[in-house]
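If you want the building blocks of each chain, they are given just below.
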Number of protein chains: 2
Amino acid sequence: MSAAAAPAGGPACPLCAADGGTLVWRGCGLRVIHAAEEAGFPAFYRVVWEAHVAEFSDLQAAERQRCMEAVALVERVLRERLQPTKVNLAALGNLVPHLHWHVVARFDWDSHFPAPIWAPPQRAAAAARLEGLRAALPALHQALRERLAQWAQAA
Amino acid sequence: MSAAAAPAGGPACPLCAADGGTLVWRGCGLRVIHAAEEAGFPAFYRVVWEAHVAEFSDLQAAERQRCMEAVALVERVLRERLQPTKVNLAALGNLVPHLHWHVVARFDWDSHFPAPIWAPPQRAAAAARLEGLRAALPALHQALRERLAQWAQAA
């Protein structure tokens, strides 16, 4: 596969064809989704650029700024609400080359910490910790919606 | 480890104590380093924020913009010079919580593609391909230095 073989937008691209997770907020040319829980990371979000572009540097400078301010806002709300040990940010897109930023709250007790979420697990995460995190998500999503709406209004 | 246990700047932090790789360029409050080759990824760069902050959202908005414009510029030069299948961007920092962005050129022939570089390898990369990539690095570094200097001058 060469860069030129990246799927175009439209039905061929899963992030053009569907939201790609539970929609939390949409506006300003991007959307924030809560990812279907993968491998024990309940606080896993994605900031998806609505238009189909493969690489971050395909955006114009003002678009990059808008995109990363949304990423930083999601990160900030995760920090305020969950007090994670660390937040992980990544735009990979090897499988789905439609620009999307992973924003993941990491905890020293999670299954992979301090390794990246894509590395082999280091332990089983305690079920009670995961449950506690899941219980915090509805209020977190409400906070995300409010803060993103404020941000969009100020922009 | 809690967030509060993240090492402060100074000798306790490896990215405060040393460059963390081969210095390519330094300016505008950040540096670009070529990472010591890890696991068969010769085109592996890091944009390191010079001041000790743990999270992207610890920066001010103008600092985030400057940081990400440097990341986008490194990405763009990698794309122009190497024609990678994809560029991967990530700020993780679980082990070294001093803000640094991984910028990695990925190729469909590399050892892990399309998986993240932190996942288990999928194949051995062909030695000739890796050699070809390494041969392109001196000119790439020169291009990075020129483009980053132009960018800094325009800023």
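Residues numbered from 1 in each chain as written. Chains lettered and ligands numbered in written order. Predicted model: local features only at pLDDT ≥ 70, side-chain atom pairs only at ≥ 80, totals over all residues. Heavy atoms only, no water.

(A) Molecular detail of the UniProt feature "domain: HIT" (unreviewed entry) in chain A. UniProt's feature table lists "domain: HIT" (unreviewed entry) at residues 47–113 of chain A, given in the numbering used throughout. Measuring from the first to the last C-alpha atom of residues 47–113 of chain A gives 22 Å, for a span that is 33% helix and 24% strand. (UniProt positions renumbered as here; feature names shortened; annotations may be inferred. Helix = DSSP H or I, 4+ residues; strand = E, 2+ residues; numbered from the N terminus.)

(B) Region of interest: the interface of chain A and chain B. Of the residues lining the interface, 40 residues belong to chain A; the matching set on chain B comes to 40 residues. Across the interface of chain A and chain B, roughly 3,500 Å² is buried in total on both sides, 51% from carbon and sulfur atoms. A per-residue breakdown of the area chain A buries against chain B is headed by E55(A), K86(A) and N94(A), which together make up 18% of the total. Applying the counting rule to chain A against chain B returns six salt bridges. Close ionic contact of K86(A) with E55(B) constitutes a salt bridge, the shortest N to O distance being 2.7 Å. For the side of chain A that touches chain B, the secondary structure elements donating two or more residues are α2 (61–82), β4 (86–91) and β5 (100–106) of chain A. The element that contributes the greatest number of residues to the side of chain A that touches chain B is α2(A), accounting for nine residues. Residues belonging to the side of chain A that touches chain B are distributed by class as follows: 23 nonpolar, seven polar and 10 charged. Pairing geometry for β4(A) and strand β4 (residues 86–91) of chain B, over three bridges, is antiparallel. Each residue of the ladder has a partner; that of A90(A), found in β4(B), is A90(B). (Contact = heavy atoms within 4.5 Å. Buried area = accessible area lost by both parts, 1.4 Å probe. Salt bridge = Lys/Arg side-chain N within 4 Å of Asp/Glu carboxyl O. Nonpolar A, V, L, I, M, F, W, Y, C, P; charged D, E, K, R; others polar. Pairing = 2+ DSSP bridges.)

(C) Summary view of unusual backbone geometry. Here F113(A) and P114(A) are connected by a cis peptide whose omega angle stands at 5 degrees. Among the structural elements, P114(A) can be located in the loop between β5 and α3 (127–154). Even without glycine at this site, Q83(B) takes up a positive phi of about 45 degrees. Locating Q83(B) in the fold gives a position in the loop between α2 (61–82) and β4. Judged by its relative accessible area of 55%, Q83(B) falls in the exposed class. (Buried < 20%, exposed > 50% of the residue type's maximum accessible area, 1.4 Å probe, protein only.)

(D) Spatial organisation of the relation of the copies chain A and chain B. Superposition of chain A onto chain B requires a rotation of 180 degrees combined with a translation of 0.0 Å along the rotation axis, giving an RMSD of 0.0 Å. In short, the pair behaves as if placed about a two-fold rotation axis. Most of the interface of chain A is mirrored in chain B, where 100% of its interface residues again form contacts. (Least-squares fit on C-alpha atoms with pLDDT ≥ 70 in both.)

(E) Quick peek at the nonpolar core. Residues Y45(A), W101(A), Y45(B) and W101(B) are the most contacted members of the largest nonpolar core, which totals 78 residues. Excluding residues within four positions of it along the chain, W101(B) makes contact with M68(A), L89(A), W101(A), Y45(B), R46(B), V47(B), F56(B), C67(B), M68(B), V71(B), A90(B) and A91(B). (Core = buried A, V, L, I, M, F, W, Y, C linked by side-chain atoms within 4.5 Å.)

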